[in-house]
Amino acid sequence: LQARNLTRTIERGQTPSAENVHEISEETLQLGQLVNDLLDVSSIRAGSMKLSPRVVHVESIVDRAQKLAAARYAMRVTRRIDLDAELFCVDPDRLTQVFVNLFNNAARYKKTDQNEALITVAARIDGQNIVIDVEDQGTGIAPNKVAHIFDQFFQADMSASRSHGGSGLGLTIVRGIVLAHGGTVAVTRSTPGRGTCLTLTLPLTAPPELL
């Protein structure tokens, strides 16, 4: 509808406003992201997600994800990565996607008095696993909603998601990618008004079936 109105404006010899062009661009990007999210969810449900694991630095994944997420949202990411937790074996593109979704969520649900989302990423070793906490200082999640945040199309705050274009599929995709790596993801802390911590647990080496 917006594109049709823009066409009619041009056909009448009028100059379209920059705001209208920007809105069309934003809506197109959001629609494209929704299609990609639906394709990812479909491959997760079918068990057909392809992974290409290799040894990478945790820091490089976090840096890349921050750059991608910060192109849309203001954020500050603090890192606390133990020396023995610098490397792991994952699909770098898919794990970047995990962190982008987590960073985007933190930005969407930051408190109204915050100019930027405040995020801390901490990595440590626990036995044969690397444990990564992604913690924000946002609005938090109500206790009765925590159990549902990985469900498809579930959004803890519909008003925030509408204003920022959330599809309700981001955390479903996060869980699917982590499970495909043989890991787990869970909410380990969430306090309304004080933020949320999600913890990823991933094997240090890729499962044999992925190699």
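Quick caveat: nothing in here was measured; it's all calculated off a predicted structure.

Enquirer: Provide a residue-level description of the packing of aromatic side chains, including the pertinent values.
Expert: With the rule as written, the count across this model stands at one aromatic pair. Seen from their ring centres, Phe 99 and Phe 103 are 6.0 Å apart, and the 50° between their planes marks the pair as tilted. Here Phe 99 pairs with Phe 103, and both are found in helix H4 (residues 92-108), just four residues apart, close to one helical turn. By relative accessible area, which is 0% here, Phe 103 ends up buried.

Enquirer: Please provide a residue-by-residue account of the pairing of strand E6 (residues 184-191), values included.
Expert: Alignment of E6 against strand E7 (residues 195-203), held across seven bridges, turns out to be antiparallel. Residue pairing across strands places Ala 186 opposite Thr 199, the latter belonging to E7. Counted between consecutive antiparallel strands, the loop separating E6 from E7 contains three residues, among which Gly 193 sits at a positive phi close to 85°.

Enquirer: Talk me through the nonpolar core; I want residue IDs and the actual numbers.
Expert: By size, the foremost hydrophobic cluster in this structure holds 44 residues, and its most contacted members are Met 75, Phe 88, Phe 99, Phe 103, Ile 119, Val 121 and Ile 132. Of all the secondary-structure elements, those providing two or more residues to this core are helix H3 (58-70), strand E2 (75-81), strand E3 (87-90), H4, strand E4 (117-126), strand E5 (129-136), helix H6 (170-180) and E7. A total of eight residues in this core trace back to one element, the largest contributor, which is H4. Excluding residues within four positions of it along the chain, Phe 99 makes contact with Ile 61, Val 62, Ala 65, Val 121, Ile 132, Val 134 and Leu 200.

Enquirer: Now, about the packing of H4 against H6: what can you tell me, with residues and values included?
Expert: Their axes nearest at 9 Å, the elements H4 and H6 cross at an angle of 150°. Viewed along their axes, H4 and H6 adopt a mutual orientation that is roughly antiparallel. For H4 against H6, the interelement crossing comes out left-handed. In this structure, H4 contributes Arg 94, Leu 95, Gln 97, Val 98, Asn 101, Leu 102 and Asn 105 to the contact, and H6 contributes Gly 170, Leu 171, Ile 173, Val 174, Ile 177 and Val 178. Here the contact of H4 with H6 is built from residues that sort into eight nonpolar, four polar and one charged.

Enquirer: Report on the sheet that holds E7, specifying residues and quantitative values.
Expert: If you trace the five strands from one edge of the open sheet to the other, you get E2-E4-E5-E7-E6, paired in mixed fashion. The sheet terminates laterally at E2 and E6, the two strands that pair on one side only. Adjacent strand axes in the sheet meet at a mean angle of 15°, parallel and antiparallel pairs treated alike. Direction of pairing for E4 relative to E5: antiparallel, over a ladder of eight bridges.

Enquirer: Break down H3 for me, citing the residues and quoting the values.
Expert: Because each turn of an α-helix spans 3.6 residues, side chains separated by three or four positions in sequence point in the same direction. Helix length check: H3 (13 residues) gives 18 Å between terminal C-alpha atoms against 18 Å at 1.5 Å per residue, within 8%. Along H3, the residues classified as buried are Val 58, Ile 61, Val 62, Ala 65, Gln 66 and Ala 69. All buried residues of H3 fall inside an arc of 130° around its axis, so they share one side.

Enquirer: So, the pattern of salt bridges: which residues are in play, and what are the values?
Expert: Using the criterion set out here, one finds six salt bridges in the structure. Its salt-bridge partner being Arg 79, residue Glu 59 comes within 3.1 Å of it at the nearest N-O pair. In this pair, Glu 59 is assigned in helix H3 and Arg 79 in strand E2, connecting sequence segments 20 residues apart. Accessibility expressed as a relative area gives 34% for Glu 59, which makes it partly exposed. Note on Arg 79: relative accessible area 25%, which makes it partly exposed. The shortest N-O distance in the salt bridge between Arg 189 and Glu 135 comes to 2.6 Å.

Conventions adopted
Residues numbered from 1 in each chain as written. Predicted model: local features only at pLDDT ≥ 70, side-chain atom pairs only at ≥ 80, totals over all residues. Heavy atoms only, no water. Phe/Tyr/Trp six-rings, centres within 6.5 Å; stacked < 30°, edge-to-face > 60°. Helix = DSSP H or I, 4+ residues; strand = E, 2+ residues; numbered from the N terminus. Buried < 20%, exposed > 50% of the residue type's maximum accessible area, 1.4 Å probe, protein only. Pairing = 2+ DSSP bridges. Core = buried A, V, L, I, M, F, W, Y, C linked by side-chain atoms within 4.5 Å. Contact = heavy atoms within 4.5 Å. Axes fitted to C-alpha atoms, helices over the stretch in contact; angles between N-to-C directions. Parallel < 35°, antiparallel > 145°, perpendicular 65-115°, else oblique. Left-handed = near helix turned anticlockwise from the far one by under 90°. Nonpolar A, V, L, I, M, F, W, Y, C, P; charged D, E, K, R; others polar. Expected span 1.5 Å × (residues − 1). Arc of directions from axis to C-beta. Salt bridge = Lys/Arg side-chain N within 4 Å of Asp/Glu carboxyl O.

Remember, this is a structural readout, not a statement about activity or role.
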